[in-house]
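Breakdown of the fold
Spelled out, the chains give:
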Amino acid sequence: MTRLSRLYLGLAMWANPDWCGSLYPPYGGQEGWLADYARVFNAVEGNTTFYSGAPRAETVAGWSRLAPVDFRFCFKLPAALTHERRLEGIETDFDAFVEALTPLHDRLGPLLVQLPRDFGPDLLPRLEALLVRWPAAIPCAVEVRHPEFFHKGAAEVALNRLLITHGANRVMLDVRPLFSTSAAGCPALAQAQSEKPRCPLHVLSTGNEPLVRFIGHLDEAINLNYFRPWIDQLRLWIKQGKTPFLFVHTANNRQAPELARRLHGELIAHLDQPPLNDFAGERQTTLF
């Protein structure tokens, strides 16, 4: 039976105090969170770099000591490069960002280039210049949000051709669960719906590391209904020799670890996978 030996599963971050008492021990310092997280999951998005930029050398060195060799960091490019400067004139700062991550280069999954909603087809030459500069040894994933890239017209064809040419992965943002119901009476759901773009889902792998960001609802039945078709898709990519990454989100992310465990339970049932390690427990074996 097919085994998910090349699937990477994780959350948007590891530093979340809401997970103390579940994913993490109820009374423990933040310095142990990454090690505890990596006992359960084998990848993380690493949203912190989007907001705060390149991490300090001592911080990266600490992450390198704590993360096992089979773990993958998928940091986002800083918003200063993607949203404020819109990929224009960023060569020096991009090189510095990649250089800052040097101690983790053997544990980098796709670095995420999350583009703003108004980054349209006319700016594709800037994305092309970045992809030409991109280090060959580091995978790349690009998330677009402009409507023209979802209409199956000339703009989307040009984007997909550009990504395929450079082996970059088009991020598949699945927000269908999140927007499947009204958020009336639920502030957490309303906030999440206001923050996430309501983009159509186009399932297309343009590189060797297809990356899915699954934005869950607070209702478990809704999440499972939208997730189950992904099981066959993940299995297909693995049969094709690709290495998929699956990142699980929920409104305010408090329930994200539990949702990830539940979704992985669906993968176990269909693809003969072992269960995740216990939250706040010890990592006994390599699960993925």
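A brief look at the structure comes next. None of the values given here were measured: they were computed from a predicted structure.

When helices and strands are counted, the chain shows 10 helices and nine strands. For the chain, the C-alpha radius of gyration of 18 Å lies close to 19 Å, the compact-globule estimate for 288 residues. Burial analysis of the chain (288 residues in total) assigns 54% to the buried set. Summed over its atoms, the accessible surface of the chain is roughly 12500 Å², and 51% of this surface lies on carbon and sulfur atoms.

Our next topic: the sheet that holds strand β2 (residues 43-44). Ordered in space as β3-β2-β1-β9-β8-β7, the six strands form an open sheet in which the pairing is parallel. At either margin of the open sheet sits one strand with a lone partner, and together these are β3 (72-73) and β7 (172-174). Bridging between strand β8 (residues 211-215) and strand β9 (residues 245-249) involves five bridges; their strand directions are parallel. By the bridge assignment, Ile215 is partnered in β9 with His249.

The next point concerns the pairing of strand β1 (residues 8-11). Residues Tyr8 and Gly10 point to one face of β1 and Leu9 and Leu11 to the other, with burial holding for every one of them. In this structure, β1 lies alongside β9, joined through four bridges in parallel fashion. Within the sheet, the bridge partner assigned to Leu11 lies in β9 and is Val248. As a crossover connection, the stretch from β1 through helix α1 (residues 33-40) into β2 is right-handed.

To continue, consider the pattern of salt bridges. One pass over the structure, following the stated rule, counts 17 salt bridges. The salt bridge involving Arg213 is made with Glu45; its shortest N-O contact spans 2.9 Å. Note that Arg213 is positioned in strand β8 and Glu45 in the loop between β2 and α2 (48-52), a separation of 168 residues in sequence. In this structure Glu45 comes out as buried when scored by relative accessible area, which is 0%. A salt bridge links Asp118 to Arg86; the nearest nitrogen and oxygen atoms lie 2.8 Å apart. In this pair, Asp118 is assigned in the loop between β4 (111-114) and α6 (124-133) and Arg86 in the loop between α4 (79-84) and α5 (91-100), connecting sequence segments 32 residues apart.

Spacing of three or four residues puts side chains on the same side of an α-helix, whose turn is 3.6 residues. Among the residues of helix α8 (residues 187-195), those classed as buried are Leu189, Ala192 and Gln193. Viewed end-on, α8 has its buried residues packed into an arc of 100 degrees, placing them on one side of the element. Opposite its buried face, α8 presents the exposed residues Pro187 and Ser194, each directed more than 90 degrees away.

Scoring rules and cut-offs
Residues numbered from 1 in each chain as written. Predicted model: local features only at pLDDT ≥ 70, side-chain atom pairs only at ≥ 80, totals over all residues. Heavy atoms only, no water. Helix = DSSP H or I, 4+ residues; strand = E, 2+ residues; numbered from the N terminus. Rg over C-alpha atoms; globule rule 2.2 N^0.38 Å. Buried < 20%, exposed > 50% of the residue type's maximum accessible area, 1.4 Å probe, protein only. Areas by Shrake-Rupley, 256 points an atom, 1.4 Å probe, with all protein chains shown as cover. Pairing = 2+ DSSP bridges. Right-handed = clockwise from strand over helix to strand, strands pointing away. Salt bridge = Lys/Arg side-chain N within 4 Å of Asp/Glu carboxyl O. Arc of directions from axis to C-beta.

Coordinates in, geometry out; function isn't part of it.
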